[in-house]
Amino acid sequence: MKCGNNDRGTVFSDLVSELSDAIEICYSTVEDRFPTADEQILFSQYMECLKRYKAVLSRSNDDAESSSRGFNHSKANISNQNLVTRTTLNNSNQDEILFREARERLKTVKGSDLQKIQYPGIDVHVRSWSYPIPVRDCNESVSKFIILVPTAPKRFTSRTEVRSTWGNTQLMTEMKSRLIFVVGLTTDSQVQKQLEQESDKHQDILQVDTYDSYYNLSLKTIGMLNWVKDHCQSTAFVAKIDDDMMAGIPNIVKFAEKTIQSYDKFIAGSYRANGSPNPGGKWYDPIYKPAFNKKKYPVFLGGPGYIMSAAVVKELLANCYKSPFLHLEDVFVTGVCGEGILGLKRMAMTGYSMARIDGCLLARRTDFTLAHSYPVGTLVGVWNRWKNPQLCGHYR
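Model, not experiment: these values are computed from the prediction.

## Details of the layout of surface pockets
Here is step 1: The computed volume of the largest pocket comes to approximately 760 Å³.
Here is step 2: Lining the largest pocket are 31 residues; nearest its centre among them are Y214, L217, D242, K282 and W283.
Here is step 3: Listed by contribution, the elements that provide at least two residues to the lining of the largest pocket are α8 (217-231), β7 (300-309) and α12 (329-336).
Here is step 4: Of the residues assigned to the lining of the largest pocket, the class counts are 12 nonpolar, 8 polar and 11 charged.

Below, the structure written as structure tokens:
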């Protein structure tokens, strides 16, 4: 679309036509492919519509600005300088081709299979990010780790347990680190009110503007890493640790500081190689093979907890925005988005356990970093036995 001296009518005609096509595509996608979708999917599709509007309007603005008569469309004053929209991908023909081909291959996936994983679209993550509940920026006191703890809005007890155990304020200060709980959106107004009160009290809640669900973990993780990129540039390392884990923060810091001496860019955690898409169950994945045209996952780090050097974050996000969306957060963020980062080392972290370890056993270990899957209500007891082995009786 070009704007010359006498083609204002053509510009408007083309713009209206493109907008109409975009609206029709969006509505048909919602109506035909997701006839029984819940509010979450409909919201995601609505956001997709908005992105299509932005893409078309951006193109019209760019064309209009090149007019010899100075015919301009006013642009919105967007405060988020790191706004990333679908139009970013237009800068790379290779990226455009990748998305177009992936979209064509995904047409072979049944709508019912997409519904099972509430799949919102291959570029739903290529968007701007806002934070309905914000937290203060990092300062020079956060020179070691920013620890991001994804947690569901209703998990008040779990957050309280983390604050009183491995994420306590005194330990964070000693480790020159900071812990932030990351939640998504909730449709429960009472829960939202409680979250805001909790945030006012503790100043450690960050809310990302995507609905909180298992299938939105990739979006949530991208959103929180985007916050780190923009608001926590003082830190050397970033950790993502679930709220059902026990963590040995001093050992994690030691591991990171040792690793950075050999690798400027690294991601460490529960190392996974030669994985394949699961045909069913919790980790059901009908997306990866058609979207990426590959049978095997890249090397990735298991989702419950992983750490990375801060130098990785910006490149990781850039790669995510250039890759078709995958709902499995660990595969997508540490695997797919990690591919192609020059010099990136993905590795196992010592002292990591995917099973629970009782506090009495932790007291006998010197290399412990992370352990997984502690039920709500158990962290404090495990922590007390770990730090007070005299309580262990026969374990001594």
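## Structural notes on the state of the cysteines
Here is step 1: Here the structure, examined in full by the defined rule, presents 3 disulfides.
Here is step 2: Disulfide partner of C138: C232, at an S-S distance of 2.0 Å. Since a negative S-S torsion denotes a left-handed disulfide, the C138-C232 link at about -90° is left-handed. In this pair, C138 is assigned in the loop between α4 (111-116) and β1 (145-150) and C232 in the loop between α8 and β4 (237-241), connecting sequence segments 94 residues apart. The two residues C138 and C232 agree in class, both being buried.

## What to know about the packing of α8 against helix α11 (residues 313-321)
Here is step 1: Following both chains from N to C, one finds α8 and α11 inclined at 140°, their axes separated by 10 Å at the closest point. Taken as axis vectors, α8 and α11 run oblique relative to one another. For the element pair α8 and α11, the recorded crossing hand is left-handed. Of the residues in α11, those in contact with I222, L225, N226 and K229 of α8 are V313, K314, L316, L317, C320 and Y321.

## Considerations on the nonpolar core
Here is step 1: Within the largest apolar cluster, 57 residues are counted, with the highest numbers of intra-cluster contacts made by I146, L148, W227, L316 and F332.
Here is step 2: For this core, the element with the most residues is α8, which contributes 6 residues.
Here is step 3: Those residues within four positions of I146 in sequence are excluded, and the remaining contacts are C138, R178, I180, W227, V228, C232, T235, F237, V238 and A239.
Here is step 4: Membership of the second largest hydrophobic core comes to 42 residues, among which are M172, M349, A371 and W386.

## As for the environment of A291
Here is step 1: Within the secondary structure, A291 sits in helix α10 (residues 288-292).
Here is step 2: Measuring from C-alpha to C-alpha, the distance between A291 and S323 comes to 9.3 Å, with 32 residues separating the pair along the chain.

## Side note on unusual backbone geometry
Here is step 1: Residues other than glycine seldom take positive phi values, yet K176 does so here, at roughly 50°.
Here is step 2: With respect to the helices, strands and loops of the structure, K176 is situated in the loop between α6 (169-174) and β2 (178-185).
Here is step 3: Of the residues examined, K176 reaches a relative accessible area of 45% and is grouped as partly exposed.
Here is step 4: Of note in this structure, Q203 is not a glycine but carries a positive phi near 55°.
Here is step 5: Mapped onto the secondary structure, Q203 falls in the loop between α7 (189-202) and β3 (205-211).

Definitions and limits used
- Residues numbered from 1 in each chain as written.
- Predicted model: local features only at pLDDT ≥ 70, side-chain atom pairs only at ≥ 80, totals over all residues.
- Heavy atoms only, no water.
- 1 Å grid on protein atoms, 1.4 Å probe; cavity = no way out; pocket = protein on both sides within 12 Å on 5 of 7 lines; lining within 4 Å.
- Points joined across faces, edges and corners; volume = space filled by probe spheres on them.
- Helix = DSSP H or I, 4+ residues; strand = E, 2+ residues; numbered from the N terminus.
- Nonpolar A, V, L, I, M, F, W, Y, C, P; charged D, E, K, R; others polar.
- Disulfide = S-S within 2.5 Å.
- Buried < 20%, exposed > 50% of the residue type's maximum accessible area, 1.4 Å probe, protein only.
- Axes fitted to C-alpha atoms, helices over the stretch in contact; angles between N-to-C directions.
- Parallel < 35°, antiparallel > 145°, perpendicular 65-115°, else oblique.
- Left-handed = near helix turned anticlockwise from the far one by under 90°.
- Contact = heavy atoms within 4.5 Å.
- Core = buried A, V, L, I, M, F, W, Y, C linked by side-chain atoms within 4.5 Å.

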